Amino acid sequence: MQQRRVLDQVETNRILLNGQLNTPKWWLPTVLGLGVVVLIGFVIIGFMVNRGLGVTGLSRPVYWGLFITTFVFWVGISHAGIMISAILRLTQAEWRRPVTRAAELLTVFSLLTALIFPLIHAGRPWRIAYWILPYDFARGIFPNIRSPLIMDPVAIGTYLTGSTLFLYVALLPDLGNLRDRTRGWQKTLYTVLALGWRGNPRQWKLQTVGGILLSALMLPIFVSVHSIVSWDFAITPAVEGWHSTIFAPYFVIGAVHSGVSAVVTMMALMRWLWKWDDFIRPEHFDALARLLIVVATAWLGFTFLELVFAIYSLDAPEIALRELQIFSWPWNLMFGVFLMTGYIIPVGMWLFKSVRNNIALMFWTSLFVNIGMWLERFMIIVPGLSRRTPFVYTWDSYRPSLVEWSILVWSVAWVTFLMLLFSRFFPLVPLFEQKESQIFVDKIKIGRVNVPAILREQE
Amino acid sequence: MVTQAGFGNHKWAMAVDVDKCTGCQACVLACQVENNIPLNTQDRFERNRSISWIRVERYWEGEFPDIKARFIPIMCQHCENAPCEPVCPVFATYHNAEGMNVQVYNRCVGTRYCANGCPYIVRFFNYWEPVWPESLRNHLNPDVTIRSRGIMEKCSFCVHRVRRGVRKAASESRPLEDGEIQTACQEACPTSALNFGDINDPNSRVSQMKKDDRYYTLMPQLGTSPNVFYLAKVDEDREIALTGAESEGGDGH
């Protein structure tokens, strides 16, 4: 095991609460800068809603483009939370502790962002309330539950609710901690939010049980959310490359790949920005990279399986689509970049322990993965639509307009902005989890080797 | 698909005799005028956002000088098993009891999902608010809704003409006669390549045409079972048109 500083609880509090109690100097300018970008983004969205979708690069038959790509991308990122906090919690992987909250947070904010995209992508966003709420009782017309577009908000809404609850339950002990260390309006805020947390054994028990129950309840969501997103495409018989039977597991595993990579990116940033070297350690990056090698390879398997299906069926339109996707300009460039950034460069590098323990390299490789994963979604959605379909004279490729690109940039700025805003008021690393793990580690320091084993409640 | 049990007395269908089509585009123009379709200006056309509920596709066959132009009119196929219907979240498109695929403009929120579902690419999105020059404003057809921006539209089988015809026959207490209801494209077709009628009536023209050996439907492999069917081109020089169509439209007859 690596050498590490053993921190007592006072020191842990001091370092991990520095976002709230001693806000770093860079925080305000960064948040203000991002705020301006976000504001401009909202103005552009307003412009688009006001003028109509004519300002995008969409046409006939490329009816879906960058917005749907970005929607799928953010839903994919959101799988970070469920993977890290639910699955790793239930499998009792100790190394998850410092990242659980950040991952869960990323889930909540990326889902909030993802939900905006289908909304602004519709022709008449102001009538979208019709989608989710049963409407027109007088005429007896309810939303069409056969449509994946109805299942989407249901699945994402469930996920968002579960994740928010999960985040809040895990935040309670830290809110109590903050309440005791602040004054004035902040104290009032934390007092209200902490729901009278005193840290007595009964409250701890309820909090732990609540967390485990929520993890278990959210397990089905792990499978359902991105499966349903994949059905947006998979149930369309007319578009080659969309109606694939492997789409649900393919999308889920791809989502885990991009989500966990986003967590790695975020961990590196947290370590640098708040100087949490003692808490977010190279061994955490190492563990996540090992997990990612497995996930990414499974995902690559699906990618190739899709191509194999095309070759196996020798269905002419399908072969033509794959030819467009892989060999014709500009898709061949995108395909190359996607394969290199999505798999070959990062996974090739992660095979080496020196890379896995190098924070800067991990930051860049994990960023690469998400560039590749965004391209992957783009390559699934657009070539299928812009392929040369029979009986149509409008064969068109697709070039996203400036408005669409700026809304993509806005979405990244928006998520970062929300995260930073959150970091000002709430600790990004769960203090109590951190202390808990220190206690466990202390307790198992009996043998000659310091094994990262887990000592759970055994009363 | 949804309402198979509830079919009324009529089931509307269209027979397109490809052999008769000269590619004159009169149907395209008639449809444009009848259904208040916004003008396809040059910029809309170049951006591939033009709207034409019926279009005439042209194919070249052979090499110059032994070359032939082939035409086929394509409009909404009014599929019995339409891929556009189940994907609409708000039932803006659904199958009515008379075999028509109906688009309800008021319900449409513009997800464009139905357009992705359509293998014939006959659904159109209004990217902009429709505009007409002042001189054309009084030429608009009062029977047809003007579609605002942000919604889908497509061939309606001239549903306003169908409704009027059925109502007229009912008010005169007589059965509807075959050929009484004509769609705008059919009316404009100089060679009677387009034929609209009730396929539930065994004596109607479309029912007779359906029995023709040249019968085929577009993309039968997708199982959409369209209510628009085609009669293949007859070629004196080469008999490929017929045999080709038969092998393509395998499940016909």
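Just so it is clear, the structure is predicted and the values come from calculations on it, not from any experiment.

**Student:** For this particular structure, what's the right way to read the overall build of chain A?
**Tutor:** Within chain A, the regular secondary structure consists of 18 helices and zero strands. For a compact globule of 459 residues, the expected C-alpha radius of gyration is about 23 Å, and chain A comes in at 23 Å, within 12% of that figure. Once the C-alpha set of chain A is aligned to its principal axes, its extents read approximately 75 × 55 × 45 Å. Across the 459 residues in chain A, those meeting the buried criterion constitute 59%. In chain A, the share of contacts with a sequence separation of at least 24, taken over all contacts with a separation of at least 6, comes to 80%. If you sum the accessible surface of chain A, you get close to 19,600 Å²; carbon and sulfur atoms cover 70% of it. Placing the 38 positive and 26 negative side-chain charges of chain A at their respective mean positions leaves the two points 7 Å apart.

**Student:** What am I meant to see in unusual backbone geometry here?
**Tutor:** Backbone phi values are negative for most residues with the exception of glycine, while trans is the configuration of most peptide bonds. In this chain, A:R60 is followed by A:P61 through a cis amide linkage whose omega measures 10°. Looking at the element boundaries, A:P61 is found in the loop between helix 3 (27–51) and helix 4 (66–77). The omega torsion across B:F64 and B:P65 is 5°, close enough to zero to call that bond cis. Assignment of secondary structure puts B:P65 in the loop between strand 2 (55–63) and strand 3 (66–74). In the Ramachandran plot, A:F391 falls in the positive-phi region, its phi being about 65° despite a non-glycine side chain. Turning to its location among the elements, A:F391 is positioned in the loop between helix 16 (359–386) and helix 17 (402–425). Residue class for A:F391 comes out buried when judged on its relative accessible area of 14%. Of note, B:F157 is a non-glycine position whose phi angle comes to about 60°, a positive value. Within the element layout of this structure, B:F157 appears in the loop between strand 7 (152–153) and helix 5 (159–171). Of the residues examined, B:F157 reaches a relative accessible area of 2% and is grouped as buried.

**Student:** Is there a simple way to explain the pattern of salt bridges in this structure?
**Tutor:** Residue and element names in this part refer to chain B. Taken as a whole and judged by the stated rule, the model has 20 salt bridges over all chains. Here E34 ties to R161 by a salt bridge, and the two come within 2.9 Å at their closest N and O atoms. Taken as a pair, E34 in helix 1 (residues 26–34) and R161 in helix 5 lie far apart in primary sequence, 127 residues in all. Take E34: its relative accessible area is 12%, and that puts it in the buried class.

**Student:** Explain the nonpolar core here, please?
**Tutor:** One recurring pattern in soluble globular proteins is that nonpolar side chains are buried together. In terms of nonpolar packing, the biggest core is built from 193 residues, with A:W276, A:I407 and B:Y230 touching the most fellow members. Here A:W276 is in contact with A:I15, A:L16, A:N18, A:M270, A:R271, A:L428 and A:V429, once residues within four sequence places are set aside. If you look at the next biggest cluster of nonpolar residues, it comprises eight residues, including B:A15, B:I199, B:V206 and B:M209.

**Student:** Could you clarify how one ought to interpret the sheet that holds strand 9 (residues 215–216) of chain B in this entry?
**Tutor:** Strand pairing in a sheet relies on backbone hydrogen bonds, with the paired strands running either antiparallel or parallel. All names here are of chain B. Pairing is mixed across the open sheet formed by four strands, whose spatial order is 8-1-10-9. Each end of this open sheet is capped by a strand with a single partner; those strands are strand 8 (194–198) and strand 9. When strand 1 (residues 12–17) meets strand 10 (residues 228–231), the two strands line up parallel, connected through four bridges. Looking across to strand 10, one finds that A15 is bridged to F229.

**Student:** Is there a simple way to explain the pairing of strand 2 of chain B in this structure?
**Tutor:** Note on strand geometry: in a regular strand, side chains alternate between the two faces of the sheet. All names here are of chain B. Sheet topology places strand 2 next to strand 3; nine bridges connect them, and they run antiparallel. Directly across from Y59, in strand 3, lies its bridge partner R70. Taking the residues between adjacent antiparallel strands as the criterion, strand 2 and strand 3 are bridged by two residues.

**Student:** Explanation requested: helix 12 (residues 282–313) of chain A in the structure shown.
**Tutor:** Residue pairs spaced three or four apart in an α-helix point in one direction, given the helix's 3.6 residues per turn. Taking 1.5 Å per residue as the helical rise, helix 12 of chain A with its 32 residues ought to reach 46 Å, and the 46 Å between its terminal C-alpha atoms agrees with that figure. Positive phi appears at A:L314, one or two residues downstream of helix 12 of chain A, with a value of about 55°.

**Student:** Is there a simple way to think about the interface of chain B and chain A in this case?
**Tutor:** How big an interface is tends to be stated in terms of the accessible area lost upon association of its parts. Across the boundary between the two partners, chain B contributes 50 residues, which contact 54 residues of chain A. Summed over the shared surface of chain B and chain A, the result is zero salt bridges. Counting across the chain B and chain A interface gives 29 residue pairs in polar contact (both at pLDDT 80 or more). Going through the elements one at a time, strand 2, strand 3, helix 3 (84–87), helix 4 (113–117) and strand 6 (124–125) of chain B are the ones with two or more residues in the side of chain B that touches chain A. Top element by residues in the side of chain B that touches chain A is helix 4 of chain B. It accounts for four residues. Classifying every residue of the side of chain B that touches chain A gives 31 nonpolar, ten polar and nine charged.

**Student:** I'm lost on the packing of helix 4 of chain A against helix 6 (residues 100–121) of chain A in this one. Help?
**Tutor:** In a pair of packed helices, the angle between the axes and the distance between the axes together describe the arrangement. All names here are of chain A. Taken N-terminus to C-terminus, the directions of helix 4 and helix 6 make an angle of 160°; their axes are 8 Å apart at the nearest point. The orientation of helix 4 with respect to helix 6, classified from their angle, is roughly antiparallel. As for how helix 4 packs across helix 6, the hand of that crossing is left-handed. Taking contact as the criterion, the partners of F67, I68, T70, F71, W74, V75 and I77 in helix 4 are, on helix 6, L106, S110, T113, A114, F117, P118 and H121. Looking at the contact of helix 4 with helix 6, its residues break down into ten nonpolar, four polar and no charged.

**Student:** I tried to follow the packing of aromatic side chains on my own but got confused; where do I start?
**Tutor:** Centre-to-centre distance and the angle between the planes together describe a pair of aromatic rings. Scanning all chains against the criterion turns up 36 aromatic pairs over all chains. Seen in terms of ring centroids, A:F67 and A:F117 are 6.0 Å apart; in terms of plane orientation they differ by 50°. Their pairing is tilted. Taken as a pair, A:F67 in helix 4 and A:F117 in helix 6 lie far apart in primary sequence, 50 residues in all. Per residue, the accessibility class of A:F67 equals that of A:F117, and both read buried. Members of the aromatic cluster, each reached through a chain of ring pairs, are A:W64, A:F233, A:W242, A:F247, A:Y250, A:F251, A:F302 and B:Y113. The side chain of B:R112 reaches across the aromatic face of B:F125, ending 4.7 Å from its centre.

**Student:** What exactly am I supposed to notice about the environment of A:S313 here?
**Tutor:** All names here are of chain A. Along the chain, S313 turns up in helix 12. Judged by relative accessible area, S313 falls into the partly exposed class, the value being 44%. Along the chain, S313 and H257 lie 56 residues apart, while their C-alpha atoms are 28 Å from each other. A polar side-chain atom of S313 sits 3.3 Å from the main-chain carbonyl oxygen of A310.

**Student:** Looking at this structure, how should I read a nonpolar patch on the surface?
**Tutor:** Where nonpolar side chains cluster on the molecular surface, the patch consists of A:L305, A:V308, A:F309 and A:Y312 and spans about 430 Å² of accessible area. You can see A:Y312 is positioned in helix 12.

**Student:** What's the story with the packing of helix 12 of chain A against helix 13 (residues 316–327) of chain A in this structure? I'm lost.
**Tutor:** Residues and elements named next belong to chain A. It is the contact of helix 12 with helix 13, at a shortest axis distance of 8 Å, that shows an interaxial angle of 135°. It follows from the interaxial angle that helix 12 and helix 13 lie oblique. Seen from above, helix 12 lies across helix 13 with left-handed handedness. Contacts from E306, L307, A310 and I311 in helix 12 reach E318, I319, R322 and I326 in helix 13. Across the contact of helix 12 with helix 13, the residue classes tally to five nonpolar, no polar and three charged.

Conventions and cut-offs
Residues numbered from 1 in each chain as written. Chains lettered and ligands numbered in written order. Predicted model: local features only at pLDDT ≥ 70, side-chain atom pairs only at ≥ 80, totals over all residues. Heavy atoms only, no water. Helix = DSSP H or I, 4+ residues; strand = E, 2+ residues; numbered from the N terminus. Rg over C-alpha atoms; globule rule 2.2 N^0.38 Å. Buried < 20%, exposed > 50% of the residue type's maximum accessible area, 1.4 Å probe, protein only. Contact = heavy atoms within 4.5 Å. Areas by Shrake-Rupley, 256 points an atom, 1.4 Å probe, with all protein chains shown as cover. Lys, Arg positive; Asp, Glu negative; His and termini not counted. Charge placed at Lys NZ, Arg CZ, Asp CG, Glu CD. Salt bridge = Lys/Arg side-chain N within 4 Å of Asp/Glu carboxyl O. Core = buried A, V, L, I, M, F, W, Y, C linked by side-chain atoms within 4.5 Å. Pairing = 2+ DSSP bridges. Expected span 1.5 Å × (residues − 1). Polar contact = N/O pair within 3.5 Å; in protein donor to acceptor, adjacent residues only side chain to side chain. Nonpolar A, V, L, I, M, F, W, Y, C, P; charged D, E, K, R; others polar. Axes fitted to C-alpha atoms, helices over the stretch in contact; angles between N-to-C directions. Parallel < 35°, antiparallel > 145°, perpendicular 65-115°, else oblique. Left-handed = near helix turned anticlockwise from the far one by under 90°. Phe/Tyr/Trp six-rings, centres within 6.5 Å; stacked < 30°, edge-to-face > 60°. Lys NZ or Arg CZ within 6 Å of the ring centre and 35° of its normal. Patch = residues over 30% accessible without salt bridge, like charges linked within 9 Å, V, L, I, M, F, W, Y side chains within 5 Å.

So, to be careful, I would describe these as geometric facts and stop short of saying anything about function.
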